[in-house]
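Descriptive analysis of the structure
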Amino acid sequence: MIFYLALCIQISSRMKTGLNRTFSLHFPIRDILVTLAVLFIGLLITIISVSYIRMNMKKVAVRDFEYTCNELLIKIVTRLDQQAQLLHSGAALFASSDTITRTEWHRFYDRTRINRYLPGIQGFGFTVLIPKDQLKQHIQNIRYEGYSEYDIFPSGEREIYSSIVYIEPFSDRNLNAFGYDMYSEPIRRITMEASRDSNRAMLSGKVTLMQETTEDVQAGVLMYVPVYRNNMPTISIEDRRTAIKGWIFSPYRMKDLMSGIHQNVAFPDENRISFNIYDEGGTSNDSLLYNSAGNEVIDDIGDLKLTLPIEFNGKKWILEFISKVQEKTLLHRDQTIVLIAGLIISVLLFFLTLLRINSIVKTRQISKLNMQLEKLNLDKDRFITILGHDLKSPFTSILGFLELLTEDIRKFSIDDIESHVNIINDASKQTYNLLEDLLVWTKAHSGKIPFNPQILDLHDVYTNVESVLNPAADAKNITINYSGHGEVNIFADIDMLKTILRNLVTNAIKFTKPGGSININAVKKQGSVIVSVSDNGVGIEADRLPGLFDISQIFSTMGTFNEKGSGLGLILCKEFVEKHDGKIWVESEYGKGSNFRFTMPTRS
């Protein structure tokens, strides 16, 4: 029962320690690095994915931006071609007859349904070229039509005049242009002459139209197509200058024109994409024809920019597009989804890896604990076997001699009886000592022995132990020497210290031959004391040294006087030394003696 108690205490204590270690989250550095690497790689992939989506979105945005810009460019070019075709149709009307009346012109305008198919045009008219000598007759003819206040303006003497005689719709703003001499204004005149000489539709530079009032003033341009007199040659420039009769023209207020161009087109949000149209010669406010933002302040701050040229029969416009990425688009929905999903997956992978590593660590620790338990079971079996043998031997002697005495006591002499009783007595003492050592070790291992360390004088403790052991040493004529360097104080439990010294000195006496010597020495070293018990006895075989303090390898060796021991003495010494946070070891050479050493603290 005592043996099983001792083993159960030891096993339960080690199991408790092992389980505590098993279920505590202490990971090796390598496993921690692996877990962090998984998290880092997951976050890195997430960042790369978000960055890739962002770059791809930017590429898509650039592509869409350029597509929209080119789409608008095509719309503008297409509209200008349509405008030119319209003006050429007007010129064809004049080519069909020498005289086109105002009524016929109005009817032609209505049937073209310009406002429906080509919205944004300010007017559709005809301006006639008037030589100086025909000026008065021209004014008189128009007045005869019912326009008594008709006159050509601006006034002034000129070699040649022009006048807007037909313009549709003939109302509102367009009435301001009736009778205006466009040939008198340099920008218009240059365009009219270029159209005359090339026999093509031509665009003017930036002008202020006569249709403008004090409200909503817009930049304007005009398109001209020449009208030549019928039956006159127009092959050469000189022929055209001679044959010129006038021009079909259309004035354009740029804001109205651009609204008409993209009113039925899916055009980008003006808060996000804006564009400016400049007349040839630069991108300054003086050349600005149109600003989609509705003002003449050029704002060139944007994330995307694109400049595209428009050329119409030699006339160049510059389209400048600017896109501003709104702050809310910094993280698009797709980016947000990928970011959140990536973070969630990364964190989940991190915790899954953590749980996996935790499981692996626990498995390793449980496996290690199982190995320890297996070793403890083997130690238990060996321990019980050894103790059973050590107990059986003295009990065999006791029972054997008792049986002899009980059966034939009258046949033995007094001397024989005394000899048998002495053997029984020695065997009983041996068994008692073994049980006593086992009980002490069991109490020590289970923590039931009081532990009250205090400052002790090592010499005083040794003197007390020496008085008990002197008879055994004297019986073998063994000298015990103590040599401490000055006063040696130890912080220890006095009963445990006595037990340590008593067991070590007893072993030294046991294995020292008669006439030998035992030396006890104490040396202070870095806050502790090294105590050594050496002898010049029989020594210990090298292969037995590793198992001296191992409970699984308990063995008892006969002394030089056939003394027997329990085999637990050194185990007790190890338990008590480690209780004081010290350590114990042995140096021995077989046939020359042994030196047992242990350390004890000098203070708490």
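Above this text is the structure in question.
A short tour of the structure in this document, coming up. (Residues numbered from 1 in each chain as written. Predicted model: local features only at pLDDT ≥ 70, side-chain atom pairs only at ≥ 80, totals over all residues. Heavy atoms only, no water.)

Look at any regular strand and the pattern is simple: side chains alternate between the two faces of the sheet. In terms of burial, strand S5 (residues 244-253) is a largely internal element, ten of the ten residues being buried. Bridge analysis of strand S1 (residues 124-131) against S5 gives four bridges, and the strand direction is antiparallel. Note that in S5 the partner of Gly125 across the bridge is Phe249. As paired elements, strand S4 (residues 220-228) and S5 share nine bridges and run antiparallel to each other. Within S5, the residue paired with Tyr224 across the bridge is Phe249. (Buried < 20%, exposed > 50% of the residue type's maximum accessible area, 1.4 Å probe, protein only. Helix = DSSP H or I, 4+ residues; strand = E, 2+ residues; numbered from the N terminus. Pairing = 2+ DSSP bridges.)

Another aspect to go through is the environment of Asn464. Structurally, Asn464 can be placed in helix H11 (residues 458-475). Of the residues examined, Asn464 reaches a relative accessible area of 38% and is grouped as partly exposed. With 38 residues separating them along the chain, Asn464 and Arg502 place their C-alpha atoms 9.8 Å apart.

As a general point, the strands of a sheet are linked pairwise by backbone hydrogen bonds and lie either parallel or antiparallel. Here we have five strands laid out as an open sheet, ordered S11-S13-S14-S16-S15, and mixed in their pairing. Since the sheet does not close on itself, it has two edges, and those belong to strand S11 (479-484) and strand S15 (584-589), each with one partner. Taken over all neighbouring pairs, the strand axes of this sheet differ in orientation by 15 degrees on average, direction set aside. In the sheet, strand S13 (residues 517-525) pairs with strand S14 (residues 528-535) via eight bridges, with the strands oriented antiparallel. In the strand pairing of S14, Ile518 is matched with Asp535. Sitting on the sheet, H11 is in contact with S11, S13 and S14, with an inclination near 175 degrees to S11. Against the sheet, helix H13 (residues 569-579) contacts S15 and strand S16 (593-601), and its axis sits at roughly 25 degrees relative to S16. (Axes fitted to C-alpha atoms, helices over the stretch in contact; angles between N-to-C directions. Contact = heavy atoms within 4.5 Å.)

A complete count under the given rule lists 18 salt bridges for this structure. The salt bridge involving Glu145 is made with Arg102; its shortest N-O contact spans 3.0 Å. Of this pair, Glu145 sits in the loop between helix H5 (135-144) and strand S2 (160-168) while Arg102 sits in helix H3 (residues 102-112), and the two are 43 residues apart along the sequence. Salt-bridge contacts for Glu193 lead to Arg189; the nearest nitrogen and oxygen are separated by 3.2 Å. (Salt bridge = Lys/Arg side-chain N within 4 Å of Asp/Glu carboxyl O.)

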